[in-house]
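Summary of structural features
Okay, here's what each chain looks like letter by letter:
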Amino acid sequence: RTGGIHFTSVLKVQLSSSEGDKVILPQSALITLTEQNALSFGPLLFQITHNDKNRNEISVTHAGVLEFVADEGIVKLPTKVAKSLSLEEETLENSEVEVKYVMLPKGKYCKVVPLSEGLSVVPNIKLMLENNLRNHSALTQNDWLEVWYRGKRFELKVTELRPESAVTIINSDLEIEIDIPAKAKAKFDEIEIENRSKTIGKSSGASKEKFRRSEIESDNSESESSEDEFDLQKHQEKMRNSLPAEPKSDEKRITIQARWRGGRSTRSFRPNDQLVHLFNFCEASVGIPPNSYKVVVAFPRREFIREKHQVMTFEDVGIVSKQETVTIEPFL
């Protein structure tokens, strides 16, 4: 299914540091697609195929595209795409994949199986999965997924999709089911019941139940909830008050200019400060809820999200320049 658009290219593989499933293609790919007016059909999606002749195995996954800045003859794959194709860093040399433009139906249902322990005791597990999937474009049956919660990494495998075995999840209403072992499921159900009991309240003078909005809590900044809606102004003030004192004149410092649509703000941090302070600074400056945005450094492009990166330091993620500009990008 291509809508009459023809693009197929065999490219050598390199790993990229980008999050999610978006590949980086050479500029010639953009030219070919633009000539056929492919961009008018919506976000670009690709089928990625790897033929492992040594193991006589063909692996297929699907992906979006981040940029068209790769060298000619090269495609840069994020970890999610590479692992879904059974490509490991040590086996990448001289590996090739076929990249083909495709159109995919919108996903309606996804079942995943945990490959690592501990996921069953994560509160609000479905909300956590939805937040992690926001930087993905597509899912394919047997895909490998990596998700993060409070700095802890979990691996998953996609075992079932509807309406087809490959779908786009852009602007889709995707139902996610977690297929976990019986013992772990019992613990998960217990936590889910406990969470629901905490979020159900009664209106004054009425018997109708209301559900409070529940936000994933972080170790260093707890989400707030009110009877009707998230109190953004109160949250903004809390984030502002949580920020540490800026470095003294004789201390090493990193000056961050945060930009967003309609404004910018500047503040200094220490190189060994945790990124939780950067996220708190962004939420205090913009007035944006937690877990609804990513922080992007442009050159080279790197993306940071609270759940995954908040316990890391500026030094850990390579933000070490005296001055750095970041962009606050809301999730679509």
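Criteria and thresholds
- Sequence order as written defines residue numbering, which begins from 1 separately in each chain.
- Where local features are concerned, this predicted model is filtered to residues with pLDDT of at least 70; where side-chain atom pairs are given and counted, the filter is 80 or more; whole-chain, interface and lining totals use all residues.
- Heavy atoms throughout the structure, all of them, feed into the side-chain values; hydrogens and water do not.
- A pair of strands is labelled paired if DSSP reports no fewer than 2 bridges between them.
- Numbering goes from the N terminus for both helices and strands, where a helix is a DSSP run of H or I of at least four residues and a strand is a run of E of at least two.
- The angle between two axes is taken between their N-to-C directions and runs from 0 to 180 degrees, where each axis is a line fitted to C-alpha atoms and a helix contributes only its stretch in contact.
- The buried label applies to any residue whose accessible area, calculated with a 1.4 Å probe on protein chains only, is under 20% of its type's maximum; exposed applies above 50%, and partly exposed to all values in between.
- In what follows, salt bridge is the name for a side-chain nitrogen of Lys or Arg lying within 4 Å of a carboxyl oxygen of Asp or Glu.
- For every residue, the predictor reports its confidence as pLDDT, a number between 0 and 100.
- Contacts are residue-level and defined by heavy atoms, with any inter-residue pair within 4.5 Å sufficient.
- In this description, a nonpolar core means a group of buried Ala, Val, Leu, Ile, Met, Phe, Trp, Tyr and Cys residues linked to one another through side-chain atoms lying within 4.5 Å.
- What the arc describes is the spread of directions from the helix axis to the C-beta atoms.
- Only protein atoms enter the calculation, which uses a 1 Å grid: trapped sets of points that fit a 1.4 Å probe without letting it out are cavities, open sets showing protein on both sides within 12 Å along at least five of seven lines are pockets, and any residue with an atom within 4 Å of a point is a lining residue.
- Grid points are joined across faces, edges and corners, and a volume is the space filled by probe spheres set on the points.
- Lys, Arg, Asp and Glu make up the charged group, whereas Ala, Val, Leu, Ile, Met, Phe, Trp, Tyr, Cys and Pro make up the nonpolar group; the residues left over, Gly among them, are polar.
- Every angle not falling under 35 degrees, over 145, or within 65 to 115 is termed oblique; those three ranges are roughly parallel, roughly antiparallel and roughly perpendicular.
- Left-handed describes a crossing in which the near helix is turned anticlockwise from the far one by less than a right angle; the clockwise case is right-handed.

Overall, mixed pairing links the five strands, which are arranged β16-β15-β19-β17-β18 in an open sheet. The sheet is open, and its two borders are formed by β16 (263–269) and β18 (302–304), each paired with just one other strand. Across the sheet, the mean angle from the axis of one strand to that of its neighbour is 30 degrees, orientation sign disregarded. Sheet topology note: the strand β17 (residues 293–297)/strand β19 (residues 323–330) ladder contains five bridges and is antiparallel. Across the sheet, residue Y293 finds its bridge partner in β19, namely P330.

Of all 11 residues in helix α6 (residues 276–286), nine are buried, a share of seventy percent or more. Those residues of α6 not exposed but buried are V276, H277, L278, F279, N280, F281, C282, E283 and A284.

Moving on, we come to the pattern of salt bridges. For the structure shown, the criterion picks out 11 salt bridges. The salt bridge involving D143 is made with K80; its shortest N-O contact spans 2.8 Å. Within this pair, whereas D143 is found in the loop between β8 (138–140) and β9 (144–149), its partner K80 is found in helix α2 (residues 79–84), the two being separated by 63 residues in sequence. Classification of D143 by relative accessible area gives buried; the value is 0%. By relative accessible area, K80 is classed as buried at 5%. Salt bridges sharing partners connect three or more residues here, namely D52, R55 and E57.

Residues shown with low pLDDT carry predicted positions that ought not to be read at fine detail. In the predicted model, the protein carries a mean pLDDT of 82, and 83% of its residues have values of at least 70. Across residues 198–228 the pLDDT falls below 50, and counting only partners more than four positions away or on other chains, this stretch makes 56 contacts in the model.

What follows is about the nonpolar core. Membership of the largest hydrophobic core comes to 25 residues, with the highest contact counts inside it found for L25, L33, F46, V75 and V99. Contributing elements (two or more residues each) for this core: β1 (8–15), β2 (22–26), α1 (27–35), β3 (45–52), β4 (57–70), β5 (74–77), α2 and β6 (96–102). Counting 22 residues, the second largest nonpolar core, distinct from the first, contains M128, L129, Y149 and I169.

Here the focus is helix α5 (residues 232–242). Three- or four-residue spacings in an α-helix give side chains the same orientation, since the helix completes a turn every 3.6 residues. Along α5, the residues classified as buried are H235, Q236 and M239. Buried residues along α5 cover an arc of 105 degrees about the axis, so they all sit on one side. In this structure, α5 carries Q233, K234 and N241 as exposed residues pointing more than 90 degrees from its buried face.

Turning to its location among the elements, K111 is positioned in strand β7 (residues 109–114). With residues near it in sequence (within four places) discarded, K111 still touches K157, V158, T159, E160, E177 and D179.

Looking now at empty space enclosed by the protein. What the rule picks out here adds up to three cavities of 30 Å³ or more. One number sums up the size of the largest cavity: a volume of about 60 Å³. In terms of lining residues, the largest cavity is bounded by N131, N291, S292, Y293, I305, R306, E307 and F331. Of the residues that constitute the lining of the largest cavity, the class distribution is three nonpolar, three polar and two charged.

By the element assignment, E117 lies in the loop between β7 and α3 (125–132). We classify E117 as exposed; its relative accessible area is 74%. Once residues within four sequence positions are removed from consideration, E117 is found in contact with K152 and F154.

Its location among the elements puts F331 in the segment after β19. Note on F331: relative accessible area 18%, which makes it buried. Not counting residues up to four positions away in its chain, the partners in contact with F331 are R134, N291, S292, Y293, K294 and I305.

In this section: the packing of α5 against α6. Where α5 meets α6, the axes come as close as 8 Å, and the angle between the chain directions of the two elements is 135 degrees. When the axis of α5 is compared with that of α6, the two are oblique. For α5 against α6, the interelement crossing comes out left-handed. Contacts from H235, Q236, M239, R240 and S242 of α5 reach α6 at H277, N280, E283, A284, S285 and V286. Here the contact of α5 with α6 is built from residues that sort into three nonpolar, six polar and two charged.

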